[in-house]
Amino acid sequence: MRLDKFLSQLNMGSRNDVKALIRQGKVTVNDKTETACDRKIDETVDRIVCNGQPLHYSPYVYYMMNKPAGVVSSTTDRAERTVLDLLRPLLPTQDQKRELVPVGRLDKDTEGLLLLTDDGALVHRMLAPKKHVDKTYLVTCALPLSDASVCALENGVEIGEKQPTLPARVTRVNDTVIYLTIHEGKFHQVKRMLTAVDNQVCALKRVQFGPLQLDDTLASGASRALTAEEIRMLQALK
Ligand code: URA
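Reading guide: rules and limits
- Residues numbered from 1 in each chain as written.
- Predicted model: local features only at pLDDT ≥ 70, side-chain atom pairs only at ≥ 80, totals over all residues.
- Heavy atoms only, no water.
- Helix = DSSP H or I, 4+ residues; strand = E, 2+ residues; numbered from the N terminus.
- Buried < 20%, exposed > 50% of the residue type's maximum accessible area, 1.4 Å probe, protein only.
- Arc of directions from axis to C-beta.
- Contact = heavy atoms within 4.5 Å.
- Domains from an automatic or database assignment.
- Buried area = accessible area lost by both parts, 1.4 Å probe.
- Polar contact = N/O pair within 3.5 Å; in protein donor to acceptor, adjacent residues only side chain to side chain.
- Nonpolar A, V, L, I, M, F, W, Y, C, P; charged D, E, K, R; others polar.

**Details of unusual backbone geometry**
Next, step 1: In this structure, D31 takes a positive phi of about 75 degrees despite not being glycine.
Next, step 2: As for its placement among the helices and strands, D31 is situated in the loop between strand 1 (27–29) and strand 2 (32–33).
Next, step 3: Judged by relative accessible area, which is 60%, D31 ranks as exposed.
Next, step 4: In the Ramachandran plot, H132 falls in the positive-phi region, its phi being about 50 degrees despite a non-glycine side chain.
Next, step 5: As for its position among the elements, H132 is in the loop between helix 4 (120–127) and strand 8 (135–141).

As structure tokens, this is what we get:
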């Protein structure tokens, strides 16, 4: 593969941006500065470093979507529009045939950060209950939340499972809006937690998933490939 193509596939910038980086001598191939954009590399063997950052070839792709309400988080559905129906037409040609899956589910009416990938091992790591990958939601509640309710959400509430929910983190935005960070991913967990404190969720948006933060420049329904740094953070998850 050409060096400039490799760098732009790893989201180091547009084709013109990466050409400029190469010409400025910011890229090394096997420890030697390379200024030829059309230099052929073997991305599975050669060591490529850009601006001091080693770049690792990945056979997988990773997309962040700002999921809109009204689509379901499955790969296929007979009746409903899925997140894959939304993503597929936006993918570059080389990724169209990949078997992407959403990493976990958001309810049909939930918006926000959804990760989609064909890296099965990562999906497994991020969803394994024992890993306790943090998820932060912006929650709009039907009723003002008392301090006692916030305290209960933080300490754990009964939602009809064997155990109460694990301690969570709450940051107030105003009387009815909070950021809620949970370490589990039980079915309808946030809605059930708010029901447990005699309240109700009016709107739910995920803004953080493990080390990933929702890119606030992504319009509702839009997606983008993860950056090399975001992929590195995901791969660093133990
Ligand atoms: N908790 C919920 O209740 N719904 C979601 O979509 C995500 C977390």
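**A short note on helix 4**
Next, step 1: All buried positions along helix 4 are accounted for by L122, V123 and M126. Buried residues of helix 4, seen end-on, are gathered within an arc of 105 degrees and therefore sit on one face of the element.
Next, step 2: Structurally, helix 4 contributes buried residues whose contacts are with strand 5 (62–67), strand 6 (101–102), strand 7 (111–117), strand 11 (201–209) and helix 7 (228–235).

**A word on the domain arrangement of the chain**
Next, step 1: On domain assignment, one finds that the chain holds domain 1 (3–55), domain 2 (62–128 + 212–235) and domain 3 (134–209).
Next, step 2: When domain 2 packs against domain 3, the two sides together hide about 1100 Å² of surface, and 48% of this comes from carbon and sulfur.
Next, step 3: Taken together, the connections running from domain 2 to domain 3 amount to 8 residue pairs in polar contact (both at pLDDT 80 or more).
Next, step 4: Looking at the side of domain 2 that touches domain 3, the elements with two or more residues in it are strand 7 and strand 12 (212–213).
Next, step 5: If you tally residues by element for the side of domain 2 that touches domain 3, the top one is strand 7, at 5 residues.
Next, step 6: The class makeup of the residues in the side of domain 2 that touches domain 3 is 8 nonpolar, 4 polar and 3 charged.

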